Amino acid sequence: MRAALIILQAMRRALPGLGAYYGGRLAAPLLLLAATLCTLLASHERALAQAQTGLEQIVQAPDVNSSDPMLLQADELVYENNNARVTAKGNVEVYYGDYTLLADRIVYDRNANTLAAEGNVRMKDPDGAIITANELTLTDDFRDGFVDALKFVSQDDTRISAQSASREAGNVTVFEKGMFTPCKVCRENPEKAPTWRIRAGKITHKRDQAKITFNDAVFDFFGVPVIWFPYFETADPTVKRKSGFMFPSYTHSNELGSTIQVPYYFALSNHYDFTFAPMWTEKAGTLLLGDWRQRTASGGFNVQLAGVFDNVNDETSPADGDDFRGSIKTRGRFALDPYYSWGWDVLLESDETFRRFYNLDSRLRTDRVSQVYLEGLRGRNYFSTRFYNTQSLLFTDEEFSESVVYPIIDYDYIVDTPVIGGELSFNSNTMVFSSADGTDSNRFIVEANWRRQLTDGIGQVFTPFGRMRGDVYSLDNPGVLELGGTEDITNANLENGLASNRDNGTIWRGNAVAGLEYRYPFVSTTGNITHTLEPIGQIIARPGSVGDQQEIPNEDALSLVFDDTILFDIDKFSGYDRIETGTRANVGFGYTAQMMRGGYARAVVGQSYQIAGENEFDNIFYQSSGLATSNSDYVTGLYVQTVAGFALTGQARFDQESFDMVRTDLGTSLNYGPVQASANYARVPGVIEASDITPNLTNVVNADDSEEILFAGALAITDKWWLLGNLRYDISSSQTITDGVGLRWQDDCFRLDATYQRSFIRDQDIEPDERFLFSFALKHLGSYKYAADLGALGSDDGNSEFLQ
């Protein structure tokens, strides 16, 4: 009786539409047919209940909610009592749970417990996949079935077509004489062969194991058979993580010779996995690589292991006589609560070139920094403690480039309520530092800042500010910084801070700052542009001197770039170890054009003046900073952003007497139409004059001006073809650092890259390299990479066979 009621419910839903369609002529006969069905099915209710056949069984199917009825709609419904079949004809629609079945004709065979759909059959399953076929036969619970002339399309446009297909046990689908491709259908020519496909005598999809196997398979590329394989297995397109072999890779170079890498991925759990990727090299042993990744409820971490017994290349290996070379690289971050987290970023390496030699890191890398940290941000307060270890990777660097910080602690606190109408904040910094050259220094710094912004009736903005700071340093074996030995240490050098005989002990330092900043923005609008012109002035008063700062090792304030971004900073030094003294004035102008549609342009120009007191920048290490004289160099900045995808950042410094350009930093990017490009140019003056360089300072400072350009771009020749290029060039020495050119072909399911790359970097066992890289990626199947050293391939060292 329940089955009949379900059909009656379906008829009731269909009748309004049918009545409108046929002018009500079929309404009465169909109601009579439905009533007859109710009577006939009621007489068989006991048998139906015992056999659990028909629509009653569909309601109880395991893959569908038992409370969901089967809803059927059709132009005509015919019941064949003798054959126990119900036939729906014309625009048939069946809705059952998350399944949808459409066909010209559907026959329900109660004896066979099957639904047979014919003509323009389309079925959508719970995963969103769409199956089209000429004929389709299903069990009445939609669990198993047989399809003739099948076409299957998933939500991500993966397609499977077959001469016939059958589903068994609810989760195993077998496609006979099938075709698999994730490529989209060509809109202009739907019959055109896809970019790639796999044709197979049999394709088996095991849904519970989430894998697809191919038997007697042929890989077609643009419709042309390329390779045959008797058996092939891959994860189905719904799988993001599954154990198995990944695509191998092949490279060739002078340094490593031929290399082959075959990774294997272990999907151990839904929250951790492991990849084992050994790489065999012809000249430098077998490199073992492993990568463990794990997520937890509060964060995640990964550990990368690499190691090789480099007994093949002992004569050039920098492993200090030990055949084993390796590294451990790990990174993690975990939340302690909504405000605080801790983590690490650690790299341990057996020698300076291991990771660069085996191309695990960029050859441009010059240092190695590891850290363990705890940090938190709550409200307006910030806390951070970090342990650092720094090491240089360059053979020419001195011992002091390697150091340990254990730890450095920062705490910033902002008072919630205004103090004298302004904002009061406190900052503190603690550092325990040890250098490989034997220098140990500890420091504790406390700083209080106050500022208040006042705006008068005509728009002038006055910002008074103040700062109080106290420092204490503890030195142990601080050492002596020399030019070229004791014979070079003179009184003049001492005055310039070139040499300082530091004593063990404690150094106290304090500073007080008071100042006022003035701004008067003028705003006007012309058309769709809002113009803002803003003169800015700042006066800062401090004690004229705080003693000999050269007594304090300078660990964090050696790097100084004077540009428009720090023009109005209270202290322009980059770190805590040096502080400004005396009275200084900063002046400048800013102009901003804001477009109504979102783009903008901003220009800044300014200069700084040392009015009174000692100028701490008048030191040989800062003589090229632009701040060493009473009147600083002029600094300018230009920033442009358009809605069309163009951006420009330009910063320049001009000599305060000759107006010659001293330093330039330019960066631009473009993403417009077929062009994607970025370019950076930098011209940086040397730190000190070449005449002041002596042997002990050769590796400490750079006396030469440096000028470099970096470019990367891509040009879309067609909708699928791209021209790629990159260049890093040292203009000052007329030397190319790296460059490359390449071609890319890419559509929705396939990518092919062919790239020619050159590197001219030389450091210890790292030599210049010239390589051709070939790689391709297949959607759902993975990627393959091939790289060959062109010099090696063309040489007579026994590797010429790779040209064949």
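You'll find the structure just up there.
Residues numbered from 1 in each chain as written. Predicted model: local features only at pLDDT ≥ 70, side-chain atom pairs only at ≥ 80, totals over all residues. Heavy atoms only, no water.

A. Region of the structure containing the pairing of strand E17 (residues 272–276). Covered by surrounding structure in E17 are Asp 273 and Thr 275 only, the residues Tyr 272, Phe 274 and Phe 276 on the alternate face being uncovered. Following strand E16 (residues 264–266), the chain reverses through five residues before pairing antiparallel with E17. Summarising the sheet, E17 and strand E19 (residues 286–296) pair through five bridges and their orientation is antiparallel. Bridging from a neighbouring strand, Phe 274 pairs with Trp 292 of E19. (Buried < 20%, exposed > 50% of the residue type's maximum accessible area, 1.4 Å probe, protein only. Helix = DSSP H or I, 4+ residues; strand = E, 2+ residues; numbered from the N terminus. Pairing = 2+ DSSP bridges.)

B. A look at the environment of Glu 657. Mapped onto the fold, Glu 657 is located in the loop between strand E36 (646–654) and strand E37 (661–672). Separated by 24 residues in sequence, Glu 657 and Asp 633 have C-alpha atoms that sit 8.1 Å apart.

C. Representation of the pattern of salt bridges within the structure. Applying the stated rule across the entire model yields 31 salt bridges. The closest approach of N and O atoms between Glu 517 and Arg 519, which form a salt bridge, is 2.8 Å. Assessed through its relative accessible area of 10%, Glu 517 is described here as buried. Through salt bridges with shared partners, a single network forms among Arg 197, Arg 199 and Asp 220. (Salt bridge = Lys/Arg side-chain N within 4 Å of Asp/Glu carboxyl O.)

D. Up close: the state of the cysteines. On inspection of all chains with the given rule, the structure shows one disulfide. Two residues, Cys 183 and Cys 749, share a disulfide whose sulfurs are 2.0 Å apart. Measuring the twist about the S-S bond at about 90°, one finds the Cys 183-Cys 749 disulfide to be right-handed. Within this pair, whereas Cys 183 is found in the loop between strand E9 (172–181) and strand E10 (196–206), its partner Cys 749 is found in the loop between strand E41 (735–746) and strand E42 (750–759), the two being separated by 566 residues in sequence. (Disulfide = S-S within 2.5 Å.)

E. Highlighting the packing of aromatic side chains. According to the stated counting rule, one finds 28 aromatic pairs in the structure shown. For the pair Phe 354 and Tyr 358, a centre-to-centre distance of 5.3 Å together with 55° between the ring planes defines the contact as tilted. Judged on exposure class, the residue Phe 354 and its partner Tyr 358 are both buried. Geometrically, the ring pair formed by Tyr 634 and Phe 659 is stacked, given 5.4 Å between the ring centres and 15° between the ring planes. (Phe/Tyr/Trp six-rings, centres within 6.5 Å; stacked < 30°, edge-to-face > 60°.)

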